[in-house]
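Examination of the molecular architecture
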Amino acid sequence: MKILLTNDDGVFARGIWELANALKSKHDVIISAPDSNRSGAAHSFTLTMPLRCSEVMLNGLENVKAYSVSGTPVDCVKLACGNLGIVPDLIISGINHGENRGTDVFYSGTVSAAVEGALLGIPSIAASNVCCTDPKHLKASAVIVSEIVDTLEKNGIEKTLLLNINIPDKEAEDIKGVKVTSLSFQEYEQTYDERLDTRNMRYYWIPAGRLTKCLGSEDNDERWVNEGYVSITPLKTDLTDYERIEKYRAVFRKGDDKE
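All values reported here derive from a predicted model rather than from experimental measurement.

**Regarding the nonpolar core**
- Ranked by size, the top nonpolar core spans 34 residues in total, and within it Leu5, Leu19, Ile31, Ile92, Ile125, Val145 and Val230 carry the most contacts.
- Elements with a minimum of two residues in this core: strand E1 (2-6), helix H1 (14-23), strand E2 (28-34), strand E5 (90-97), strand E6 (124-130), helix H4 (138-155), strand E7 (162-168) and strand E11 (229-234).
- If near-sequence neighbours (up to four positions away) are discounted, Leu5 is found in contact with Ile16, Leu19, Ala20, Leu23, Val29, Ile30, Ile31, Ser32 and Ile92.
- Counting residues in hydrophobic clusters, the runner-up holds 9 residues, among them Tyr67, Ile86, Ala113 and Ile122.

**A few points about the packing of helix H2 (residues 73-81) against helix H3 (residues 109-119)**
- Contact geometry for H2 and H3: axes closest at 8 Å, N-to-C directions at 30°. Relative to H3, the element H2 is oriented roughly parallel. Our pair here, H2 against H3, has a crossing hand that is right-handed. For the pair H2 and H3, contact is made by Pro73, Val74, Val77 and Lys78 and by Gly109, Ser112, Ala113, Glu116 and Gly117, respectively.

**Focus on the side chain of Thr110**
- If you trace the backbone, Thr110 turns up in helix H3.
- For Thr110, a relative accessible area of 0% translates into the label buried.
- Side chain to side chain, Thr110 and Asp8 meet in a polar contact 3.2 Å long.
- Ignoring sequence-local partners within four residues, the contact set of Thr110 consists of Asp8, Ser93, Gly94, Asn96, Asn100, Ala126, Ala127 and Ser128.

**Some thoughts on the packing of aromatic side chains**
- Taken as a whole and assessed by the stated rule, the structure comprises 1 aromatic pair.
- Seen from their ring centres, Trp224 and Tyr229 are 5.4 Å apart, and the 85° between their planes marks the pair as edge-to-face. The same class applies to Trp224 and to Tyr229, which are both buried.
- Positioned over the ring face of Phe45 is Lys78, at 5.7 Å from the centre of the ring.
- If you follow Lys179 out to its NZ or CZ, it ends over the ring of Trp224, 4.4 Å from the centre.

**Section: unusual backbone geometry**
- A cis amide bond links Gly94 with the next residue in sequence, Ile95, at an omega value of 0°.
- Tracing the chain through its elements places Ile95 in strand E5.
- Backbone geometry places Ala42, a non-glycine residue, at a positive phi of 55°.
- Within the element layout of this structure, Ala42 appears in the loop between E2 and strand E3 (53-56).
- The phi angle at Asn200 is positive, at roughly 65°, despite the residue not being glycine.

**Re the sheet that holds strand E4 (residues 65-69)**
- Taken together, 9 strands build an open sheet; the order of strands is E3-E4-E2-E1-E5-E6-E7-E11-E8 and the sheet is mixed. At either margin of the open sheet sits one strand with a lone partner, and together these are E3 and strand E8 (177-180). On average, each strand axis in the sheet is inclined to that of its neighbour by 20°, with strand direction left out of account.
- In this sheet, E4 lies alongside E3 in antiparallel orientation, the contact comprising 4 bridges. By the bridge assignment, Ser54 is partnered in E4 with Ser68.

**Considerations on the pattern of salt bridges**
- Summed over the entire model, instances satisfying the criterion amount to 11 salt bridges.
- Glu116 is paired through a salt bridge with Lys78; the nearest N and O atoms lie 3.1 Å apart. With a gap of 38 residues between them, Glu116 in helix H3 and Lys78 in helix H2 connect regions that are remote in the sequence.
- Residue class for Glu116 comes out buried when judged on its relative accessible area of 5%.
- Judged by relative accessible area, which is 37%, Lys78 ranks as partly exposed.
- Residue Asp193 pairs with Arg195 through a salt bridge whose shortest N-O separation is 2.9 Å.
- Taking relative accessible area as the criterion, Asp193 reaches 34% and is therefore assigned partly exposed.

The rules behind each value
Residues numbered from 1 in each chain as written. Predicted model: local features only at pLDDT ≥ 70, side-chain atom pairs only at ≥ 80, totals over all residues. Heavy atoms only, no water. Core = buried A, V, L, I, M, F, W, Y, C linked by side-chain atoms within 4.5 Å. Buried < 20%, exposed > 50% of the residue type's maximum accessible area, 1.4 Å probe, protein only. Helix = DSSP H or I, 4+ residues; strand = E, 2+ residues; numbered from the N terminus. Contact = heavy atoms within 4.5 Å. Axes fitted to C-alpha atoms, helices over the stretch in contact; angles between N-to-C directions. Parallel < 35°, antiparallel > 145°, perpendicular 65-115°, else oblique. Left-handed = near helix turned anticlockwise from the far one by under 90°. Polar contact = N/O pair within 3.5 Å; in protein donor to acceptor, adjacent residues only side chain to side chain. Phe/Tyr/Trp six-rings, centres within 6.5 Å; stacked < 30°, edge-to-face > 60°. Lys NZ or Arg CZ within 6 Å of the ring centre and 35° of its normal. Pairing = 2+ DSSP bridges. Salt bridge = Lys/Arg side-chain N within 4 Å of Asp/Glu carboxyl O.

As far as function goes, none of this settles anything; it's purely spatial.
Right, dumping it as C-alpha cells:
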C-alpha cells in the first residue's frame, strides 16, 4: 500500500521515524509533517499566512520521501493530498509522543490529521504512545501499529476507516493484547497557572492537572491502556446527535405554531 505518514510532533520526531522504519519494507511510505512541534493544534489550519513546504532527508530513511511543512497537521494532509499529488491508500498520524485518549481527541493535532484524512475519503489512523514526557518504547509501538495495519489489510480496509489507537509505553512482549473500546472522559483543571515575567507582566501556562479518575470497571480506552492493553477506538466524522433530532424538531415546531 501507499501510506502517508504525518504527526503533530514534527517531521524530525522519533515517533514518525520509527513508524516509517517499521512500515517501509512492506509499503510505499511518504511523510508530510510539520516543521516543528504542533501539539494541541486540533483541527486548525493555516489561514492568514502562506505555507512553505520543502523536501527533507531523514537519516536512515533515505528511500522515504519526506516533506517538512510550515503549518499544522491538517495543513500537512491537505497539502500532501492536493499540491504534492500524493494519493495514499492509508493515512497514519503518529506515533505521537504521549496519549490521545478520551475527549482529548478534540484537542489533538495527531487525531485531527487522521480526521482530515477521513474527511477526504481516505482510510486513516491516529496512533499514540502513552507516556509521560519521554517515551521509551517507540520502536515497539511502531511494530504494533505495523501489525495492526497488516491485520486491517488482510480483512479489507474500509474506505470510511477512522481509528484512534493508544499503546502503552512498554516492550511488545509486555503488551497484554488489544481491546476495541470507547473513548473515556477526560477533565482537567481549568485555572491557568499565572506567573510574572521579568518586567512584572502576567503570563499564563495551561494547567496540567487531571480531575477525572478512571474506574476499574469501565470499558474505555483509559482503563485498558492502564491495564497494559492497546486500545483501538473507531471514530466518526459526523458529530450529529441523531437521538435528539426528533425531540428538537418537535420543540421548534411548537415555537412555529405560536407565531
